[in-house]
Amino acid sequence: MRRHKQWPLRPLAYSFCSSSAETVTNSTVAFPLKHVTKSNFETTLNDLRSLVKAADFVAIDLEMTGVTSAPWRDSLEFDRYDVRYLKVKDSAEKFAVVQFGVCPFRWDSHTQSFVSHPHNFFVFPRQELTFDPPAHEFLCQTTSIDFLAKYQFDFNTCIHEGISYLSRRQEEDASKRLEMLYGEEGIDSTVETEDLKLVRLSDVLFAERMKKMINEWRSGLLHSGNASSESPRISNGSTQSTETVFYHMRPALSLKGFTSHQLRVIKLVVGKHFGDLVYIHSNDKNSYSQDFVVYTDSEYDKENLMKEAKDERKRVGERKIQYAIGFRQVIDLLSSEKKLIVGHNCFLDIAHVYSKFLGPLPSTAEKFVASINNHFPYIVDTKILLNVNPVLHQRMKKSSTSLSSAFSLLCPQIEFSSRSSVSFPQQHVKIEVEVDNVRSSNWNAGGKHEAGYDAFMTGCIFAQACNHLGFDFKQHSQSDHLAQNEKLDKYINRLYLSWTRGDIINLRTGHSNADNWRVSKFKYGNIVLIWNFPRKLKAREIKECICKAFGSASVTSVYHVDDSAVFVMFKNSELVWDFLTLKQQLESSDGPVSVLHPLSKILEGGNTGAADYEAYKEICSSHISKIVFSDQAETVGVKSRTRPDPQGETERKEENTVVVTPTASDLIDTFLANRVEAKAG
Amino acid sequence: MQRRFLSSLSSSAGNTKTLNQAKWSVKQVKKSNFHLTLDEIRTSIDSSEFIALSLQNTGSYAAAWHRVSAIDTPQTSYLKAKYAAERYQILQFSLCPFSLHDSKLIAHPYNFHLFPRDELKLGMPSYSFSCQASRLTSMAREGFDFNTCIYEGISYLSRAQESASKFLSGNPILADPITVSSSSSPATVADTMFVGRIRSRVKNWRQSCIESRSKTGDDDLVSCLRRLVLGSEQYGSRLCLTIDVCSERQVQLILEMMTEFSDDVVPLLVASKSKGTQSVRAVFMSSKKDKDLFKRELQDIENEENRRVRGFREVVDLISSSQKPVVSQNYLSDFTLIHAKFLGPLPSNVDDFNSSLSSAFPNVVDLSQLMKEISPLSNISNLPTAMSSLNRFFAPVDVEVANQGCPVKSNEVHQSHGQNAVMLSQLFAKLRTIQKSDLSTLQSNEDCQGLASDDENVKVWSKNNRRVSLENLVFIWGLMKKMTASKLKNVLQTSHPVFAQEFDVKYLDKSCAIVVFWESGLSETFISDVNNEEKLDGSLREMVAEGLRASGYETYKRACRLGFWEAELADSLDKSLESSDMDLDLDTEASEIDWSSEFAINFDEL
């Protein structure tokens with residue numbers, strides 16, 4: 001029952017380091033991993049800056065609260081690249097990042113090995129800013145949470161201690177809002193008090209009491225100088241207390257222990273009855289709010305004071321924003337250093353980085369590609385590398401290219417970390433781990449699924465892969481940028497948009513349209529989407545029905561989206577139009593013909609919807625996510641559009657005949673050739 | 001020196017204040033001790049008069065205007081609660097069955113940790129759920145243990161999900177006798193041929209079964225071969241035959257045909273992965289007695305399976321079947337959640353919800369309602385404050401925690417979870433002593449939920465409640481930013497003749513305000529003028545040019561009904577206006593609300 005232990009955070013982070021220092025030779029040492037939470041974030045960030053600056057590449061990995069907001073949001077066989085992007089976008093927008101692994105790797109020519117610094121950041125979108133908060137809400141996929149639990153993810157640390165963040169956009173918005181609050185002249189908080197009226201008897205009494213008290217204080221101040229009333233007052237033994245202090249060089253009465261309502265009443269009293277007193281509400285660094293009634297000796301002084309107080313509030317606000325940026329500083333660091341970022345099957349990760357730390361994801365894949373390149377000029381995906389490069393693909397021996405299996409296949413010496421297995425020293429890259437200035441090359445890998453460890457594995461795979469590609473680190477000098485190496489050139493900035501379909505997106509040349517995409521075997525213009533048909537109908541039966549109506553060769557195939565919807569692939573796009581028209585005719589006429597018609601089986605119930613592929617895209621672009629596809633289609637409201645509009649038709653045709661550019665085709669050819677090779681061998 | 005002494009005094013005063021919120025030992029129930037505790041809970045419920053419950057959720061509303069407010073009719077309140085109930089998750093369900101004897105309250109508090117684990121791998125009980133980051137943060141501040149919740153939370157299935165899962169769990173189930181009797185469409189030639197083929201196959205197989213029963217002396221090899229030849233298999237210790245099917249129609253035909261052999265053959269349905277029937281399994285019975293035994297065995301397996309998947313819902317069923325009055329803090333949000341998670345999908349309108357709910361929970365006491373009757377100014381959302389507001393009444397209540405076998409460890413933080421339910425029972429006891437009402441008035445409390453949709457009046461200011469007809473409410477949005485209600489009121493006053501009469505303005509969120517006309521007819525004039533720019537002049541014309549829009553209550557209702565839950569009300573109303581053409585409005589519900597300032601958004605709280 002170790003699972004539900006509550007991590008005492010600080011001890012944990014240090015215990016890893018200390019134990020690794022003491023027992024380097026012991027092979028049962030836990031993997032040294034730097035855990036970072038909000039308590040040690042600032043210091044770690046400072047160290048990380050120099051580590052990233054010196055690094056040859058930085059591996060990253062993310063843990064999220066989920067992947068798909070509905071079963072049909074998963075990557076499907078029929079997803080065109082733009083639909084696929086919409087699905088990734090939906091995922092990145094809805095789910096939260098709870099852990100962020102960052103692992104800089106640096107070649108150490110003395111030890112002839114890579115030195116890695118695995119960092120495991122706990123991240124949580126806490127609301128740090130109190131003024132006008134963006135409604136922060138995220139989705140959790142039950143199975144993903146279960147998955148995290150399986151690997152003993154510590155949810156308490158994440159939620160209690162996770163580092164918060166603001167995206168660049170959020171920061172801009174917050175600054176603007178701050179500017180609006182304190183920048184303009186004239187808008188002052190005095191307006192609010194107008195709304196408050198003393199209705200309750202208790203309020204009236206309290207106001208009277210306060211008036212008397214403040215009056216006494218004021219006259220005491222005026223008659224016997226500033227130093228007079230040093231003694232704090234306590235009323236009725238309650239927690240309320242007032243005390244004479246100095247606020248910005250002026251005598252002031254500090255108010256403590258009052259409720260916010262009482263404070264508002266006091267503010268009202270001060271505004272109404274005392275021309276030379278000013279009510280000030282301020283927040284100090286630790287966001288403790290303090291309230292004062294301040295004496296000013298002239299109208300000019302009063303204005304000055306108000307301005308000073310306002311400026312102070314603004315400064316506090318700015319500091320708060322600065323603090324709230326939190327984890328984004330790490331992303332800014334990676335971006336400004338322009339280091340090679342290494343991920344494993346990382347398109348979704350990159351999309352998360354974009355939506356969490358830069359700003360809202362662009363509406364299309366093209367815009368995304370154009371924009372991401374400005375922030376991260378070099379990204380390499382180890383999954384692409386392993387699948388597309390013939391040498392590596394062969395080395396993988398057709399085994400799975402999932403992170404853990406690729407790691408154990410390519411880097412067995414690291415996984416088991418036993419000295420005996422280092423039998424091919426020239427083939428295996430030596431990798432050391434350094435955490436808090438303690439180096440170790442021996443540890444027990446343990447099966448922990450922490451982002452920091454995954455990032456480490458990804459980096460190891462990359463280093464090993466480079467080695468297999470004939471990359472000589474010994475001759476490689478610091479000044480060379482890994483990303484500019486010609487051996488890697490083919491693979492840089494290419495990510496799997498969809499692994500299952502093998503769609504590869506090129507981030508480098510993504511300005512123009514669809515020509516960076518792998519050509520598709522589907523003609524999307526030939527597809528009809530049907531939903532809400534009688535649930536018991538199976539794909540085969542639907543195909544039979546349609547074939548009866550349009551001829552046996554009319555339908556190429558039928559795929560399920562989920563239980564409630566299918567894609568029907570027709571032989572040509574004219575049939576799509578015919579089908580949708582016929583469906584409409586059958587629905588509008590209630591005659592006996594329509595009952596006997598072969599399609600009536602599909603239309604039974606009268607709720608069946610059908611639309612072309614563009615409607616599917618529209619459904620996917622909605623931010624709503626119903627679990628069942630037919631509910632989604634109904635909610636998005638595409639039902640009324642069961643006929644393709646002829647205008648859109650021509651546009652779509654162009655889009656669907658994708659031109660394959662030399663660079664892309666080159667990749668695909670090597671990939672396919674390699675597949676054949678592998679099969680033959 | 002003196003100052004320091006005094007400040008330390010004041011801080012210690014603060015400490016005693018928190019200590020005064022007495023901490024009772026609450027039995028914490030998790031996955032590991034759930035089944036063991038179940039009997040104890042049953043006894044607790046049986047021996048108590050009332051049941052108090054309180055929920056800890058992952059969120060309540062995503063945007064300011066999603067909160068139920070005074071401008072809502074029962075239907076829109078319900079839709080808001082429904083929207084929240086469908087998205088958020090219950091992480092803790094604290095339950096306190098209690099009895100009252102004069103001033104003594106005997107409580108049996110339990111706190112259940114819940115987590116919707118997908119134990120059947122079927123996307124149930126919930127595929128995903130939303131979390132409000134701020135809610136989780138404040139829970140963390142109160143010492144909530146998320147690891148316990150996720151690792152050791154009890155899962156559950158709703159009643160609706162349980163019946164759906166029965167088939168999907170993969171265990172063969174008895175064919176429903178009702179489906180057998182309903183012979184639907186006339187048999188086609190293909191049907192007849194299919195039935196004939198299956199019938200002869202079943203006949204042969206049955207014959208061989210009968211023979212093998214008589215010839216017990218067969219050696220294993222022979223019986224094995226025979227089984228291979230006939231395609232006969234074994235189901236447990238009994239012989240069976242599996243017939244694959246391609247459609248539900250075929251299942252129907254086979255079941256009808258099987259009735260011919262009903263003496264010694266029992267048909268079972270085997271589900272395929274995609275929700276349909278994969279095959280029919282005919283099981284051979286050696287005797288009538290064997291058949292009864294077999295059916296009982298199946299029933300037992302099913303019950304055990306159900307018990308397993310039902311999980312925490314067992315407790316909800318216990319509460320429901322006890323028919324005892326249930327005390328909750330917030331009727332609408334608590335019971336929409338309970339309905340959505342443990343009964344079934346929420347119906348689309350409030351009347352159906354009420355009737356569906358009252359069949360499961362006939363007696364529900366809405367504590368906030370009860371509170372309003374006694375102390376109209378108190379706010380029940382903060383329980384300790386609500387409790388202390390009753391201090392002016394003399395109503396002593398001694399709480400005695402009567403949980404058996406519950407060790408009290410004073411320092412254990414997690415023991416403190418689930419205090420709310422005890423506090424609710426205490427508050428209820430106080431209120432009841434004050435009210436001196438006998439049980440009979442409480443029993444009929446289902447009517448005072450204030451949610452029946454035929455309620456024609458609603459109020460607006462809490463301190464001087466006035467009823468407003470919905471016709472006199474106008475939503476205005478697209479205003480210049482940074483405007484307070486009083487400022488807006490001043491601007492409006494001079495902008496149009498309708499504002500010469502008395503009217504009120506409140507912000508609902510930062511994007512949208514509501515104008516209340518106290519005289520009928522003015523709202524229509526205003527809306528039609530705003531939509532007709534030529535007729536306008538002066539400041540209003542300017543505001544309209546800058547994007548001011550106005551619309552009646554219908555637009556708001558439609559936004560709620562169609563589920564346009566945008567972050568800002570203005571966006572939702574825009575969407576609602578756009579969609580008005582495809583709308584058929586059938587609502588004939590409440591036409592008035594209670595207008596009160598209390599519910600309008602207070603910017604200090606944001």
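Residues numbered from 1 in each chain as written. Chains lettered and ligands numbered in written order. Predicted model: local features only at pLDDT ≥ 70, side-chain atom pairs only at ≥ 80, totals over all residues. Heavy atoms only, no water.

As recorded in an unreviewed UniProt entry, chain B goes by the name Poly(A)-specific ribonuclease PARN-like, listed as coming from Cardamine amara subsp. amara. In its Cofactor (unreviewed entry) section, the UniProt record describing chain B reads: "a divalent metal cation". Under the Sequence similarities (unreviewed entry) heading, UniProt states for chain B: "Belongs to the CAF1 family." (UniProt positions renumbered as here; feature names shortened; annotations may be inferred.)

As named in an unreviewed UniProt entry, chain A is Poly(A)-specific ribonuclease PARN, taken from Cardamine amara subsp. amara. Entered under Cofactor (unreviewed entry) in the UniProt record, the comment concerning chain A runs "a divalent metal cation". Checking UniProt for chain A, the heading Sequence similarities (unreviewed entry) contains the comment "Belongs to the CAF1 family."

Caption draft 1: Just the overall build of chain B, in detail. Tallying secondary structure elements over chain B gives 23 helices and 21 strands in all. Within the span of chain B, comprising 606 residues, buried residues form 53% of the whole. Of the roughly 28000 Å² of accessible surface on chain B, a fraction of 51% belongs to carbon and sulfur atoms. (Helix = DSSP H or I, 4+ residues; strand = E, 2+ residues; numbered from the N terminus. Buried < 20%, exposed > 50% of the residue type's maximum accessible area, 1.4 Å probe, protein only. Areas by Shrake-Rupley, 256 points an atom, 1.4 Å probe, with all protein chains shown as cover.)

Caption draft 2: Structural view of the pairing of strand 3 (residues 90–101) of chain B. All names here are of chain B. With 11 of 12 residues buried, strand 3 is to be regarded as a mostly interior element. The pairing of strand 2 (residues 50–57) with strand 3 spans eight bridges and is classified as antiparallel. Across the sheet, residue Asn57 finds its bridge partner in strand 3, namely Ile90. Both strand 3 and strand 5 (residues 110–113) contribute to a ladder of four bridges, which runs antiparallel. Paired with Gln92 across the strands is His113, a residue of strand 5. As judged from the four bridges shared by strand 3 and strand 4 (residues 104–107), these two strands associate in the antiparallel manner. When the bridges of strand 4 are listed, Ser99 appears paired with Ile106. Hairpin connection between strand 3 and strand 4: a loop of two residues separates the two successive antiparallel strands, and Asp102 in this loop has a positive phi of roughly 50 degrees. (Pairing = 2+ DSSP bridges.)

Caption draft 3: Up close: the confidence of the model for chain A. Residue and element names in this part refer to chain A. Across chain A, the average pLDDT comes to 76, with 75% of residues at 70 or higher. Low confidence marks residues 1–27, where pLDDT is under 50. Its contacts with residues over four positions away, or in another chain, come to 37 contacts. Between residues 640–681, whose pLDDT stays under 50, and residues either more than four places distant or in other chains, the model counts 52 contacts. (pLDDT = per-residue confidence, 0-100. Contact = heavy atoms within 4.5 Å.)

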